[in-house]
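Next come the chains, spelled out residue by residue.
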Amino acid sequence: MNKCLKPTFWSNLCVGAVFQILDILQYACCLKYGSASTLNQNVRFKVPSREIGHFYGWRVDRAALLLISLGFVLLGCSQEPTVEKSVAPQTAAPLYEGTIVAVGDSLTAGLGVSEDQAFPAQLARRLQADGRNYQVINAGVSGETSSGALSRIGWVISSLSPDIVILETGANDGLRGLDPELLRANLDRLVSLLTARNIQVILAGMLMLPNLGPDYTQAFSEIYPEIAEKYGVLFIPFFLEGVAGNPQLNQPDKLHPTADGYARIVETVYPYIVTAIERHKAV
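Each chain has its residues counted from 1, following the order in which its sequence is written. Predicted model: local features are reported for residues with pLDDT of at least 70 only, side-chain atom pairs are reported and counted for 80 or more only, and whole-chain, interface and lining totals are derived from all residues. Neither water nor hydrogens contribute to the side-chain values; these are computed over all heavy atoms in the structure.

Thoughts on the pairing of strand S4 (residues 200–204)
And step 1. Most of S4 sits inside the fold, with 5 of its 5 residues counted as buried.
And step 2. Here the term buried applies to any residue with accessible area under 20% of the maximum for its type, exposed to any over 50%, and partly exposed to those in between, with areas from a 1.4 Å probe on protein chains only. A helix here means a DSSP run of H or I that spans at least four residues, while a strand means a run of E at least two residues long, and both kinds are numbered starting from the N terminus. Because side chains alternate across S4, one face comprises the buried residues Gln 200, Ile 202 and Ala 204, and the other comprises Val 201 and Leu 203, equally buried.
And step 3. The rule for pairing is simple: two strands pair if DSSP sees at least two bridges between them. As defined by bridge partners, S4 adjoins strand S5 (residues 234–236) across 3 bridges and the pair is classed as parallel. Pairing of Ala 204 across the sheet is with Ile 236, part of S5.
And step 4. Note on the crossover from S4 through helix H8 (residues 214–231) to S5: the handedness is right-handed. A crossover counts as right-handed when, viewed with the strands pointing away from the observer, the path leading from the first strand over the helix to the second turns clockwise.

In structure tokens:
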């Protein structure tokens, strides 16, 4: 029998037994004294006083018996079910020294590979292996431009509370042929908002495909180092160093890295991460 049902079961059994005894007593008295009225359960009766000590020795009263049955309840047969709670062991949340947020487009999100093979996940494993207890959050959004990154940076700051941000954005601006000055303005605003909150920024530089023309590619490539120098943030000259153009490290679209390609990106990014961590600890 389920343990949580036992108190209710025994309480109900006691109450039922008391009223069964009452009925038997009434019937016995009816047989002895020939009183048909005692067969009516709604009519109280009492044993004649001359029979006290001869018959059952006390006055039988349905209300009194009800009080007796309630006594059983109060003495332990509670109607409240006993619920046995099984408390699962609680695993304490890991205590991190800080939080690194990777903000970017599909190159950060890891389009075409599993989440645990995108560069933020691989970076997290590398940090843990080296004894650097930092949380790494993948905040990449495929297809996003620098304008999209700017529109959500407030949410990133307030909701994710980063200590370090790896900012990788602008590739989709270039692929869409957007005005480089728009990229410049967006990057300037992004880095300004982050550094104003004492967040360490690692700005990932990007190069554009030569088929867009030399003027466009030059203007594009000059933006990143200018912004990095203006705000004194860490700067990776080319995020896809050693990966871009390598068919062994890229998916069939020739734009997005494979898992091995992301491992190569981690090698490029890692020294800057170590420096950013040192700066964070020094603040």
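Let's talk about the pairing of strand S1 (residues 98–104)
On a regular strand, one side chain projects to one face of the sheet and the next to the other, so that they alternate.
And step 1. A large share of S1 lies buried, amounting to 7 of its 7 residues.
And step 2. As paired elements, S1 and strand S2 (residues 134–140) share 7 bridges and run parallel to each other. Directly across from Ile 100, in S2, lies its bridge partner Val 136.
And step 3. Here 5 bridges tie S1 to strand S3 (residues 164–168), and the two strands are oriented parallel to one another. Within S3, the residue paired with Val 103 across the bridge is Leu 167.

A look at helix H5 (residues 146–160)
And step 1. To get the bend at a residue, fit one axis to the 7 residues ending there and another to the 7 starting there, then take the angle between the axes. A bend of about 45° at Arg 152 is the largest found in H5.
And step 2. Just downstream of H5 lies Ser 161, where phi reads positive at about 45°.

Some thoughts on the nonpolar core
Side chains that are nonpolar tend, in soluble globular proteins, to be buried together.
And step 1. Take the buried residues of types Ala, Val, Leu, Ile, Met, Phe, Trp, Tyr and Cys, join any two whose side-chain atoms come within 4.5 Å, and each joined set is a nonpolar core. If you look at the biggest cluster of nonpolar residues, it comprises 58 residues, and the most contacted ones within it are Phe 119, Leu 123, Leu 127, Leu 187, Met 206, Phe 239 and Ile 273.
And step 2. Broken down by element, this core gets its largest block of residues, 9 residues, from helix H9 (residues 259–282).
And step 3. Beyond its immediate stretch of four places on either side in the chain, Phe 239 contacts Leu 107, Phe 119, Glu 168, Ala 204, Gly 205, Met 206, Ile 265 and Val 269. Residues are treated as being in contact if the distance between any of their heavy atoms lies within 4.5 Å.

Considerations on the confidence of the model for the protein chain
And step 1. The pLDDT value expresses, per residue, how confident the predictor is, ranging between 0 and 100. Taken residue by residue, the protein chain gives an average pLDDT of 81. The fraction at 70 or more is 67%.
And step 2. Within the model, the stretch residues 34–60 combines pLDDT values under 50 with 38 contacts to residues more than four positions away or in other chains.
And step 3. Below pLDDT 50 for its whole length, residues 77–84 participates in 16 contacts with residues either more than four positions away or in separate chains.

Looking at the packing of helix H7 (residues 180–195) against H8
And step 1. In this description, a line fitted to the C-alpha atoms serves as the axis of each element, helices being fitted only across the stretch in contact, and the angle between N-to-C directions of two axes falls anywhere from 0 to 180 degrees. Two elements in contact, H7 and H8, have axes whose closest approach is 10 Å; the angle formed by their N-to-C orientations is 20°. On the basis of the axis angle, H7 is roughly parallel to H8. For the pair H7 and H8, the sense of crossing is right-handed. Mapping the contact onto sequence places Pro 180, Leu 183, Arg 184, Leu 187, Asp 188, Val 191, Ser 192 and Thr 195 in H7 and Tyr 216, Ala 219, Phe 220, Ile 223, Tyr 224, Glu 226, Ile 227, Lys 230 and Tyr 231 in H8.
And step 2. Broken down by class, the residue content of the contact of H7 with H8 amounts to 11 nonpolar, 2 polar and 4 charged. Between 65 and 115 degrees an angle is taken as roughly perpendicular, under 35 as roughly parallel, over 145 as roughly antiparallel, and anywhere else as oblique. Note on convention: near helix rotated counterclockwise from far helix by under a right angle means a left-handed crossing. Clockwise means right-handed. Three categories are distinguished: nonpolar for Ala, Val, Leu, Ile, Met, Phe, Trp, Tyr, Cys and Pro, charged for Asp, Glu, Lys and Arg, and polar for the others, with Gly belonging to the last.

Considering the sheet that holds S2
And step 1. Strand order in the open sheet formed by 5 strands is S2-S1-S3-S4-S5, and the pairing between neighbours is parallel. In this open sheet, the two edge strands, each paired with only one partner strand, are S2 and S5. Ignoring strand direction, the axes of neighbouring strands in this sheet form an average angle of 15°.
And step 2. On top of the sheet, H8 reaches S4 and S5; it is set at about 165° to S4, its chief contact.
And step 3. Against the sheet, H9 contacts S1, S2, S3, S4 and S5, and its axis sits at roughly 175° relative to S5.

Remarks on the environment of Ser 142
And step 1. Note that Ser 142 resides in the loop between S2 and H5.
And step 2. Sequence separation between Ser 142 and Asn 172 is 30 residues, and the spatial gap between their C-alpha atoms is 9.4 Å.
And step 3. Not counting residues up to four positions away in its chain, the partners in contact with Ser 142 are Asp 105, Ser 106, Ala 109 and Leu 111.

Here we look at the side chain of Thr 169
And step 1. The topology assignment puts Thr 169 in the loop between S3 and helix H6 (171–175).
And step 2. Apart from the residues lying within four places of it in its own chain, the contact partners of Thr 169 are Asp 105, Thr 145, Ser 146, Ala 149, Leu 187, Leu 190 and Tyr 224.

Side note on a nonpolar patch on the surface
And step 1. Judged by side-chain polarity, Leu 175, Leu 209 and Leu 255 come together as a nonpolar surface patch covering roughly 250 Å² of accessible area.
And step 2. Structurally, Leu 255 can be placed in the loop between S5 and H9. The patches reported here contain residues having more than 30% relative accessible area and no salt bridge. Joining distances are 9 Å for like charges and 5 Å for nonpolar side chains (Val, Leu, Ile, Met, Phe, Trp, Tyr). Per-residue and other accessible areas follow the Shrake-Rupley method at a 1.4 Å probe size, with only the shown protein chains counted as cover for residues. The salt bridge criterion pairs a side-chain nitrogen of Lys or Arg with a carboxyl oxygen of Asp or Glu, the two atoms within 4 Å.

A closer look at the packing of helix H4 (residues 119–129) against H9
And step 1. Two elements in contact, H4 and H9, have axes whose closest approach is 9 Å; the angle formed by their N-to-C orientations is 55°. One element, H4, and the other, H9, form an angle in the oblique class. Between H4 and H9 lies a crossing of right-handed hand. Residues Phe 119, Gln 122, Leu 123, Arg 126 and Leu 127 of H4 touch H9, and the partners they reach there are Ala 259, Tyr 262, Ala 263, Ile 265, Val 266, Glu 267, Tyr 270, Ile 273 and Ile 277.

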